[in-house]
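As a plain string of letters, each chain reads:
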Number of protein chains: 2
Amino acid sequence: MDENLDRKVDSIREIFESGDLPRLGGSLEGLRVPDAAEVLTALPAEIRVPLFKSMEQEMASEVLTFVDEGIARALLELLTVDEMASLIDPMASDDATDIINLLNADNAGAVLRRISREDYEHVSELLKFDEESAGGLMDRELVTVRAGKSISDVIAKLRSGLANIEQIQNIYVIDSQSVLLGTIPLINLLVTDPGKKVEEVMERDILTVTADTDQEEVAAIFSKYDLYSIPVVDENGRLAGRITVDDIIDVIEEEATEDISMMAGTGEEEFYERSPVKLSRARLPWLLTGLFGGIASAMMMNNFQESLESVLTLAFFVPVITAMGGNVGIQSSAIVVRELALGGLSVSQTGGKLLRELKVSIINGIVIGTVLLLIVTIWQKDFRLGILLGICIFIIICWATIMGAFIPLMLKKAKIDPALATGPFITTFNDILGIAIYLGIATVFLEWLGKG
Amino acid sequence: MDENLDRKVDSIREIFESGDLPRLGGSLEGLRVPDAAEVLTALPAEIRVPLFKSMEQEMASEVLTFVDEGIARALLELLTVDEMASLIDPMASDDATDIINLLNADNAGAVLRRISREDYEHVSELLKFDEESAGGLMDRELVTVRAGKSISDVIAKLRSGLANIEQIQNIYVIDSQSVLLGTIPLINLLVTDPGKKVEEVMERDILTVTADTDQEEVAAIFSKYDLYSIPVVDENGRLAGRITVDDIIDVIEEEATEDISMMAGTGEEEFYERSPVKLSRARLPWLLTGLFGGIASAMMMNNFQESLESVLTLAFFVPVITAMGGNVGIQSSAIVVRELALGGLSVSQTGGKLLRELKVSIINGIVIGTVLLLIVTIWQKDFRLGILLGICIFIIICWATIMGAFIPLMLKKAKIDPALATGPFITTFNDILGIAIYLGIATVFLEWLGKG
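Keep in mind that what you see is a predicted model, and the values were worked out from it rather than measured.

Undergrad: So what exactly am I meant to see when it comes to the overall build of chain A here?
TA: Looking only at helices and strands, chain A has 23 helices and six strands in total. Whereas a compact globule of 452 residues would reach a radius of gyration of roughly 22 Å, chain A reaches 30 Å, over 25% beyond that. On the principal axes, the C-alpha backbone points of chain A span a range of 95 × 65 × 40 Å. Buried positions account for 54% of the 452 residues belonging to chain A. The contacts of chain A with a sequence gap of at least 6 include a subset with a gap of at least 24, amounting to 65%. Carbon together with sulfur atoms contributes 53% to the accessible area of chain A, which is approximately 18,900 Å² in total. Measuring between centres, the 37 positive side-chain charges of chain A sit 3 Å from its 68 negative side-chain charges.

Here is the structure:
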């Protein structure tokens with residue numbers, strides 16, 4: 001948060017503490033909406049609520065679309081249904097839909113009955129879609145024009161109805177059945193002879209998505225083709241809405257955050273959360289996974305008690321085994337997950353990908369195995385122990401690398417989020433297996449080690 | 001990659017194998033540029049090179065801006081300086097700059113002397129900036145208009161000079177010193193009386209960045225304010241260029257990939273790489289870090305040889321200690337790093353953040369400590385060992401959580417990439433320290449454990 005906003009937060013706090021509540025109302029004046037939302041978020045709830053209630057309706061409506069879901073929900077809960085409706089009415093259809101999605105069914109129904117008829121139609125259409133699909137991202141504030149019209153007709157339409165369409169990139173040309181025929185970038189309206197028909201000017205080779213397209217796929221299309229917006233069509237090619245790039249940026253950040261959360265084992269939606277109890281509740285399941293994995297490792301070591309009693313030194317290298325198995329597993333799984341997320345890897349390339357990881361793991365296994373062999377031989381003055389550890393780490397590196405790549409690919413094939421295969425799961429899995437491989441091999445060769 | 005492109009790759013491979021090289025030239029016709037770039041990337045180098053050389057110049061120029069740096073560099077190396085110049089000349093200034101940055105100094109200089117004078121001025125200006133700054137992202141294809149002009153003057157200018165400006169969002173209004181006064185969104189040109197002066201129509205409250213602004217900060221501004229483009233100005237407010245949202249999407253994906261690579265310890269720019277040797281070279285330094293950390297852990301255990309000999313069971317729980325210390329460290333460091341990356345956390349909030357993590361770690365420590373106490377007591381039928389492990393894990397969880405949050409915040413303060421504190425470094429650090437704390441405490445209480 002920048003310093004000016006920090007200072008604004010402090011000054012609002014002072015106004016509140018001085019008890020001069022009427023002054024609260026104007027305290028966010030002159031700020032841009034996203035800044036006002038940030039200040040509101042940074043304030044404690046006991047100041048946030050009276051401040052929000054004292055805001056002008058237009059500002060309050062806009063700010064509501066910029067704060068986090070949790071805060072928006074808490075603020076909405078304090079309003080009457082009429083107040084909710086008057087804040088939601090001026091919003092763009094996608095924002096209105098997102099906000100109505102935060103309400104309980106009763107309130108949502110009541111608000112829908114109170115907003116304007118056109119908004120009602122737009123929003124109730126959008127409410128049907130999964131929030132993580134193209135339908136959940138799109139808005140219905142489109143400028144359309146029928147084929148047969150002229151450029152000057154389009155300009156006249158824009159002049160009459162600009163009202164609440166803020167980000168216009170393209171004009172959509174449709175036929176009488178609303179089937180999308182083409183698009184006209186705004187700039188072309190300015191530089192083309194106004195008498196021309198829209199079909200003469202429009203671009204026909206257009207990318208579209210359908211409402212059920214997953215948001216990650218939509219984001220990949222924006223990223224690949226450098227788009228600013230994309231039309232959404234139904235199965236018959238009829239125009240249903242459009243998605244703008246600002247919402248795609250949110251999707252990309254969200255998906256990256258989700259992948260990072262999975263890797264770190266923190267549960268979703270933890271960022272910006274303040275309550276230690278909630279944070280702890282999000283993280284604990286993953287820690288318990290790790291704990292039970294650790295206990296399983298301990299039991300595994302218990303099975304090899306005799307070997308460990310005769311060669312205690314074997315125990316010293318358990319942290320090496322778990323660290324290496326964990327590290328290589330995370331490396332290959334993270335790369336596969338990220339490649340899948342960015343759309344650069346399709347499931348059909350599975351075989352090639354696994355082969356590549358096998359080759360990488362063989363090189364890494366040889367290098368790390370040799371280094372470990374040398375260190376152990378010199379440190380412990382025991383060439384046989386060095387050989388044993390070198391071979392074990394080689395096997396574990398190959399195995400853990402392949403598993404790290406294989407598991408997310410299988411999850412993707414089964415249509416489960418491949419990011420599950422990163423983080424605590426893969427580490428725990430590799431820990432247990434690594435210890436079993438290591439102590440198993442060591443036990444077989446205990447006599448050769450000269451200590452059986 | 002989608003199936004159509006997969007099939008295209010196969011058919012080009014067949015053409016190549018049949019030896020019908022003249023047919024290669026037309027094989028990418030009808031594809032969109034990003035698709036052509038994807039097909040080119042998917043082909044092996046021995047087909048990619050003749051295919052690229054047989055492409056029409058316009059297509060080749062565009063494709064070059066869409067392929068990965070490594071591939072672009074390899075293709076450029078096969079061209080003469082004249083060929084390079086004719087591919088670079090038609091590019092937008094930011095793309096041209098990126099490509100010239102791939103060349104060695106001799107070739108770059110030679111190409112600069114061969115491109116048009118205007119391009120030369122633009123590009124040599126842009127070459128000065130750090131690639132990861134606003135200056136490195138911006139292009140100089142701006143539509144500007146002097147204050148005092150009318151809307152119809154602007155439209156006339158657009159009609160005359162549309163040429164190679166593809167994504168126009170705004171017209172920039174400047175004074176005689178090139179100082180940016182305001183912007184006019186394209187739509188306003190269409191709906192405003194053409195006789196009006198630009199100052200009457202322009203928006204004066206505009207966000208700008210300077211050329212030295214870090215790209216991550218620029219991305220945070222786009223994300224926060226839902227921008228499609230932003231003007232770049234110098235310290236005197238003179239307009240220097242503009243950044244468009246398509247480049248920002250690349251930045252956001254790049255930065256997320258970087259953070260994920262850091263967490264996974266894979267080195268940068270590994271995605272899409274195919275050579276096992278290169279992949280291995282990128283991953284090995286991180287693995288060696290982990291290996292030496294593991295050896296340090298082994299030496300740490302060696303120090304406590306006597307304690308381990310008298311109570312071998314202590315060794316069984318080393319994987320529990322390292323797993324938990326690693327997990328909580330990654331959780332808190334990943335969250336802090338991500339919050340810093342998304343701009344939601346400023347260094348001034350360090351104290352509050354650490355306090356919050358301390359609270360979370362106390363809750364997690366109590367829960368995990370209690371569960372471990374119970375499991376150990378029941379499994380090993382040893383209440384004292386249970387107590388010891390419960391207390392040790394509590395201390396280690398608190399310590400590792402705080403370190404996980406503290407280290408990236410310190411790195412950020414020292415202007416080092418905080419993402420360094422995720423992944424192998426933090427895990428290794430916590431492994432060694434966790435074992436030291438655990439075996440240290442156990443040794444002190446060895447007598448109490450009844451086995452000293």
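Undergrad: Looking at this structure, I do not really get the sheet that holds strand β6 (residues 239-244) of chain B. What am I missing?
TA: As a general point, the strands of a sheet are linked pairwise by backbone hydrogen bonds and lie either parallel or antiparallel. Residues and elements named next belong to chain B. Across the sheet, which stays open at both edges, the three strands sit in the order β4-β5-β6 with mixed pairing between neighbours. Bordering the open sheet on either side are β4 (209-210) and β6, each of which pairs with just one other strand. Both β4 and strand β5 (residues 229-233) contribute to a ladder of two bridges, which runs parallel. What sits directly across from V209, in β5, is V232.

Undergrad: Even after reading the chapter, I still don't get the environment of P185 of chain B, so can you show me in this structure?
TA: All names here are of chain B. Structurally, P185 can be placed in strand β3 (residues 180-185). Since its relative accessible area comes to 17%, P185 is described here as buried. Through-space distance from the C-alpha of P185 to that of Q169 is 6.1 Å; in sequence the pair is 16 residues apart. In contact with P185, other than residues within four places in its own chain, are Q169, N170 and E203.

Undergrad: What is the right way to read the packing of aromatic side chains from this model?
TA: Residues and elements named next belong to chain A. Per the stated rule, a full pass over the model turns up seven aromatic pairs over all chains. With centroids separated by 5.9 Å and ring planes inclined at 65°, the aromatic side chains of W286 and F425 adopt a geometry described as edge-to-face. Residue W286 is located in helix α17 (residues 276-303), and its partner F425 is located in helix α23 (residues 424-444); the two are separated by 139 residues in the primary sequence. Since its relative accessible area comes to 12%, W286 is described here as buried.

Undergrad: Could you clarify how one ought to interpret the sheet that holds strand β2 (residues 170-174) of chain B in this entry?
TA: Residue and element names in this part refer to chain B. Strand order across the open sheet formed by three strands is β1-β2-β3, with mixed pairing between neighbours. At either end of the open sheet lies a strand with only one pairing partner, and these are β1 (144-146) and β3. Across the sheet, the axes of successive neighbouring strands diverge by a mean angle of 30°, strand direction being ignored. In terms of strand pairing, β2 meets β3 through five bridges, oriented antiparallel. Each residue of the ladder has a partner; that of Y172, found in β3, is T183.

Undergrad: What's the story with the relation of the copies chain B and chain A in this structure? I'm lost.
TA: Each of the two chain copies can be generated from the other by rotation about an axis followed by a shift along it. At an RMSD of 0.2 Å, chain B and chain A line up after a rotation of 180° and a shift of 0.1 Å along the axis. Read as a symmetry element, the transformation amounts to a two-fold axis.

Each value, and the rule that gives it
Residues numbered from 1 in each chain as written. Chains lettered and ligands numbered in written order. Predicted model: local features only at pLDDT ≥ 70, side-chain atom pairs only at ≥ 80, totals over all residues. Heavy atoms only, no water. Helix = DSSP H or I, 4+ residues; strand = E, 2+ residues; numbered from the N terminus. Rg over C-alpha atoms; globule rule 2.2 N^0.38 Å. Buried < 20%, exposed > 50% of the residue type's maximum accessible area, 1.4 Å probe, protein only. Contact = heavy atoms within 4.5 Å. Areas by Shrake-Rupley, 256 points an atom, 1.4 Å probe, with all protein chains shown as cover. Lys, Arg positive; Asp, Glu negative; His and termini not counted. Charge placed at Lys NZ, Arg CZ, Asp CG, Glu CD. Pairing = 2+ DSSP bridges. Phe/Tyr/Trp six-rings, centres within 6.5 Å; stacked < 30°, edge-to-face > 60°. Axes fitted to C-alpha atoms, helices over the stretch in contact; angles between N-to-C directions. Least-squares fit on C-alpha atoms with pLDDT ≥ 70 in both.

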